[in-house]
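Each chain, letter by letter, is given below.
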2 protein chains.
Amino acid sequence: MINEKNVQLGMVRSCIRELFEYGKRRKAEIGEENVYDFSIGNPSVPAPKEVTDALVEILQTYDPVFLHGYTSAQGDYSVRKTLADYTNARFGTNLDADCFYMTCGAAGSLAVALNALLNSGDEVITFSPYFPEYKVFVEHAGGKLVAVEAEKGTFKIDLNKLESALSQHTKGVIVNSPNNPSGVVYSEEEIKNLCKILKKHSEKTGNPVYLIADEPYRELVYDKETKVPYIMNYYEYSLVCYSYSKSLSLPGERIGYVAVNNQMPNFSEVYAGVLGAGRALGFVCAPNLFQQLIKKVYNVTSDVSVYKKNRDRLYSELVKYGFEVVKPDGAFYMFVKSPEEDAKAFCERAKKYEILIVPGDDFGCKGYVRISYCVDPNMLERSFPAFKRLAESYK
Amino acid sequence: MINEKNVQLGMVRSCIRELFEYGKRRKAEIGEENVYDFSIGNPSVPAPKEVTDALVEILQTYDPVFLHGYTSAQGDYSVRKTLADYTNARFGTNLDADCFYMTCGAAGSLAVALNALLNSGDEVITFSPYFPEYKVFVEHAGGKLVAVEAEKGTFKIDLNKLESALSQHTKGVIVNSPNNPSGVVYSEEEIKNLCKILKKHSEKTGNPVYLIADEPYRELVYDKETKVPYIMNYYEYSLVCYSYSKSLSLPGERIGYVAVNNQMPNFSEVYAGVLGAGRALGFVCAPNLFQQLIKKVYNVTSDVSVYKKNRDRLYSELVKYGFEVVKPDGAFYMFVKSPEEDAKAFCERAKKYEILIVPGDDFGCKGYVRISYCVDPNMLERSFPAFKRLAESYK
C-alpha cells in the first residue's frame, strides 16, 4: 500500500551495519580491547584543529542572521568562488563559481547528479567492487545499475568488459578512485583509455555518456608517485562529486559539492538539472555554517599519515601470513582474497578470532573481503596474532 | 535527453526569488533605506544566544570523532529520546525515540515522508493558498498534488470542497498550520472535523489517508488564546514534519525531524519507509553538530515578540488605509486582498512605491498578496507612507 521499495530499503540493514552492531554487542561481552573491528569506514583520525578553530571563530564573529540564513540553492557565492579558484589552480581547469553546487556530502552529490541526468530506463555503469549505495541512488532516479567486473587481482578497469556493457541505454558511468572497497587508484593511462571508449560510444550513438567521478577519497593517497587524474581534464561530459567527510573527518556533518564541467556543450542544461534535482529531493541548501567553514579550510586535510602507517603495517603482516592482498594506493580499505571460495564463510570464521571484516559480496565481488583500516593503530597491532591464527587455520 | 523535469525546475526561478533579486538591484540603485522588501520568509530575528553558546561549548568540549561522525540514519539515539520525552510532556503523546527521524529541515522532512508513502499515481490533497514546493515534492515522489480551495476571506478549511476532492487515489493530506502564506491557525474544532472526514473516507475505501502536518511555524503564534492542536492526538495515521528553521532562526542549517505516530496500526512499515526514503534520496543522516545542538536547546525559541509587534503595527495600518486583511494568528506572513482583481498587477503597482510583495497566484490563490513581515521594525515604519499612497492610488 505505501511505497514498498522504500519500506524494503528501510527494513534491510546493510550487512556492514549489521556487523558493526554485532561488534558493539561483542565488545560489551568480552571487552573492547579483545574485538578487532574493521567493519566500517568511519574516519578514526579527528578533524584537524583548524576545523574546530574556524567553526568557533565563525560562530563568535559572523552575524548570525547571515551565518544561519538560507544561502542560494547552489550555495553561497563566495564559497563557490573560492572552490572554483582553488580547483583551477590545482588542476588547470577554467571553472567559475557557477559550475559548483554545494551539497550534503557525497551521497547528496550523487543523488543530485543522477536525478539531474537520468530518465526512466537509463543505465548507469560502474565497476565492481563498488559502493553498494550506488544501486540505491541509481534506482531511485529511475535507472538501472550495470556492474562491470574489474580485473580480478588488480581491480583495474576491464576495458573489454566495459565495451560489451555499453548500450544505447547507457546514460552514465560512475568511477570511484581511490576506490571503496579495493583502495585502487586509476592511472592516467587507464582514465585516458576509459574516456576514449566513452567518446567513441557517444559518437556512435549520438548521445553523450556522462562520466561521474565519486571522489570522497581523493585526498587519501599515500605515496608521492600516486596521482589521481582530474577527470575534467580528460572528458567534457563529466561531473565531480566531492565530499569533505573523509578528508576533514566530518562524515556526520554532510558537506560536499557537485562540480559540473563547463566544457560540456550542454553545460547550462546539466547545471540547471542539478539545481532542479536538489530542489525536488528536498535539499534547499547545504548547511551554511559548514559552507562558511569550507571557505576557510578548503585546502586542509586531516592527518592521513596514520592511515598510511596502518596500511603499511597491515599489508606487510597479512602478506607474511600468506594472504593474497591488493596493495591499496588510497582510501582506507584493503581488499584481501578469501582463502576459501566463499568469502562469507571466511568472514564468519574470522569472527571466531574476534576479527570483523566484510565480505566482498556486498560490493558485487565474490571471493574477497574488505578490511577498513581507519582504526586505532594499537588495535591494529593487537589484531595481528589473531590474523596469524586465522591464516594458520587454513593450512 | 537528460531529465527534462528537473532541468525545468532548475531553470524556472520562483517568483518570490525573482522579486528578492529585483529588490537587491533596486536597493543598489536608490539606497537600501528606500526599498520596502517584504518578499521572502527569512527570519529577521537572530538565533538566540543559547544557540551560539551551545554550539561553541559543544565544539570545545565534545570528542570530534564522535561529534562529527556519522550518526545512525535516523539520528543520534539520545537526541531522539530527548525529543520524544519533550513531545510527550508537551502534548500528552506516548512516543519513543524510534518514532523520530532527524532530517535536513522541513523540506527534507516532507520529501522523506512523501517518498515513504506515495506510489505512482497517488494523490495528495492540500489547501490553497499553500507553499508552492509541495507540488515539487509530491510530483518527485510520483504523486499528484490536488489543491482544495480554503474558504475565501477566512482561509479556513472548506470541508465540503475537501469531501468532493477525496478519491480512491487519495494517499495523503498536507496541513500547514500556522499557514504560509495566510498566517491562519486551524482551531481544534476544524482539526476534529478534518479528521472525521478523513476517517470516514478511509473506512469507506479501506485505505488509510495519511495526514502530514507541516509545522515549521508551530512556535510562531502571537496570542495566548491561540492553540495549535497536535495532530497525533486526533488522528492515528499521522506524521509531523518539524523544522527549527523559523523557531530558532536557523533556516540555512537544515535541521528538523519527521515524527511518525506510533498509534498507527502499520507504524513499523511507515517508519521503515521513512528510513528507506531518506536513504534513497541521499540524506545519510542530519548534520550531527546540529543534532547535538537540538538536544540542548529543544525548548528554546528566538524572540518572536518582534514578529508580533510587526504583525500588530502592519495590521492596524493596512486596515486604516482601507485594505482588506486576514489577521494572522501565526507565522510571519499577512495575506491581503488585492484592491484590483489581478493581484500580479497590484504587486507591479506596489513596486512603483518601492514595496515588494508576492502575488497569491504563486500559492494557488488569485486575488491576494503575501506580505512577509519578518523584517526590521524600522523598515516597516518607514514603509507605511508608501502603503498609504498605494491605497490612495486606487481611490
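About the thresholds
- Residues numbered from 1 in each chain as written.
- Chains lettered and ligands numbered in written order.
- Predicted model: local features only at pLDDT ≥ 70, side-chain atom pairs only at ≥ 80, totals over all residues.
- Heavy atoms only, no water.
- Buried < 20%, exposed > 50% of the residue type's maximum accessible area, 1.4 Å probe, protein only.
- Helix = DSSP H or I, 4+ residues; strand = E, 2+ residues; numbered from the N terminus.
- Pairing = 2+ DSSP bridges.
- Axes fitted to C-alpha atoms, helices over the stretch in contact; angles between N-to-C directions.
- Parallel < 35°, antiparallel > 145°, perpendicular 65-115°, else oblique.
- Contact = heavy atoms within 4.5 Å.
- Salt bridge = Lys/Arg side-chain N within 4 Å of Asp/Glu carboxyl O.
- Expected span 1.5 Å × (residues − 1).
- Arc of directions from axis to C-beta.
- Least-squares fit on C-alpha atoms with pLDDT ≥ 70 in both.
- Core = buried A, V, L, I, M, F, W, Y, C linked by side-chain atoms within 4.5 Å.

Hey, could you run me through the pairing of strand E8 (residues 256-260) of chain B in this one?
Moving residue by residue along a regular strand, the side chains alternate between the two faces of the sheet. Residue and element names in this part refer to chain B. Within E8, five of the five residues are buried, which leaves it mostly tucked inside the rest of the structure. Side chains of E8 alternate between two faces, with Gly256, Val258 and Val260 and Tyr257 and Ala259 buried alike. Bridging between strand E2 (residues 100-103) and E8 involves four bridges; their strand directions are antiparallel. In the sheet register, Phe100 faces E8, and the bridge partner there is Ala259. Here strand E7 (residues 238-243) runs beside E8; their pairing, made up of five bridges, is antiparallel.

Hey, could you run me through the packing of helix H10 (residues 267-281) of chain A against helix H7 (residues 133-140) of chain B in this one?
Helices that pack against each other are described as a pair by the angle of their axes relative to one another and the distance between those axes. One way to put it is that H10(A) packs onto H7(B) with a least axis distance of 8 Å and a crossing angle of 90°. Between H10(A) and H7(B), the interaxial angle falls into the category roughly perpendicular. Contact residues: H10(A) offers Arg279(A), Ala280(A) and Leu281(A), while H7(B) offers Glu133(B), Val136(B), Phe137(B) and His140(B).

Please clarify how the pattern of salt bridges should be interpreted in this entry.
Applying the stated criterion across every chain, the model contains 56 salt bridges over all chains. Across the salt bridge formed by Asp312(B) and Lys308(B), the nearest N and O atoms sit 3.8 Å from each other. Placement of the pair is Asp312(B) and Lys308(B) together in helix H12 (residues 305-320), with a separation of four residues, close to one helical turn. What makes Asp312(B) partly exposed here is its relative accessible area of 30%. Here Lys308(B) falls in the partly exposed class, since its relative accessible area comes to 29%. Each of the salt bridges in this network shares a partner with another, and the network as a whole consists of Asp223(A), Lys308(A), Arg311(A) and Asp312(A).

Would you take a moment to explain the sheet that holds strand E3 (residues 123-128) of chain B for this structure?
Paired through their backbone hydrogen bonds, the strands of a sheet run either parallel or antiparallel. All names here are of chain B. The strand order E2-E8-E7-E6-E5-E3-E4 describes an open sheet built from seven strands, whose pairing is mixed. Unpaired on one side and paired on the other, E2 and strand E4 (144-149) mark the two borders of the sheet. The average undirected angle you get between the axes of adjacent strands in this sheet is 20°. In the sheet, strand E5 (residues 170-175) pairs with strand E6 (residues 210-215) via four bridges, with the strands oriented parallel.

Please clarify how helix H12 (residues 305-320) of chain A should be interpreted in this entry.
One turn of the α-helix equals 3.6 residues, which is why residues spaced by three or four share an orientation. All names here are of chain A. If you check H12, its first and last C-alpha atoms are 23 Å apart, about what 16 residues at 1.5 Å a residue would give, namely 22 Å. Buried residues of H12: Tyr307, Asn310, Arg311, Leu314, Glu317 and Leu318, and no others. The buried residues of H12 occupy an angular sector of 150° when projected down its axis, which confines them to one face. Exposed residues pointing more than 90 degrees away from the buried face of H12 are listed as Lys309 and Lys320. Buried residues along H12 sit in contact with strand E9 (325-326), strand E10 (333-337), strand E13 (368-372) and helix H14 (377-392). Count one or two residues on from H12 and you reach Gly322, which has phi positive near 100°.

Help me understand the relation of the copies chain A and chain B in this model?
Copy one and copy two of the chain differ by a rotation about a common axis and a shift along it. The transformation that overlays chain A on chain B combines an axial shift of 0.0 Å with a rotation of 180°, and the residual RMSD is 0.0 Å. Here the two chains are linked by the operation of a two-fold rotation axis. Take the interface residues of chain A: 100% of them recur as interface residues in chain B, which is what a same-surface contact looks like.

Whenever I open this one, the nonpolar core confuses me. Can you help?
Ranked by internal contacts, the top residues of the largest apolar core, which has 203 residues, are Phe127(A), Leu239(A), Phe127(B) and Leu239(B). With nine residues, H10(A) is the single largest residue contributor to this core. Excluding residues that lie within four positions of it along the chain, Phe127(B) makes contacts with Val148(B), Ile157(B), Leu162(B), Val173(B), Ile174(B), Val175(B), Tyr186(B) and Leu194(B).

Mind showing me how you'd approach unusual backbone geometry here?
Of all residues except glycine, most have a negative phi; of all peptide bonds, most are trans. In this chain, Ser177(A) is followed by Pro178(A) through a cis amide linkage whose omega measures 0°. With respect to the helices, strands and loops of the structure, Pro178(A) is situated in the loop between strand E5 (170-175) and helix H9 (188-205). The peptide bond linking Ser128(B) to Pro129(B) adopts the cis configuration, its omega dihedral lying at 5°. Of note in the backbone geometry, Ala331(A) takes a positive phi value of approximately 60° without being a glycine. Structurally, Ala331(A) can be placed in the loop between E9 and E10. A relative accessible area of 0% places Ala331(A) in the buried class. Unlike most non-glycine residues, Phe155(B) shows phi in positive territory, near 60°. Within the element layout of this structure, Phe155(B) appears in the loop between E4 and helix H8 (159-165). On the basis of relative accessible area, Phe155(B) is assigned to the buried category, the value being 2%.

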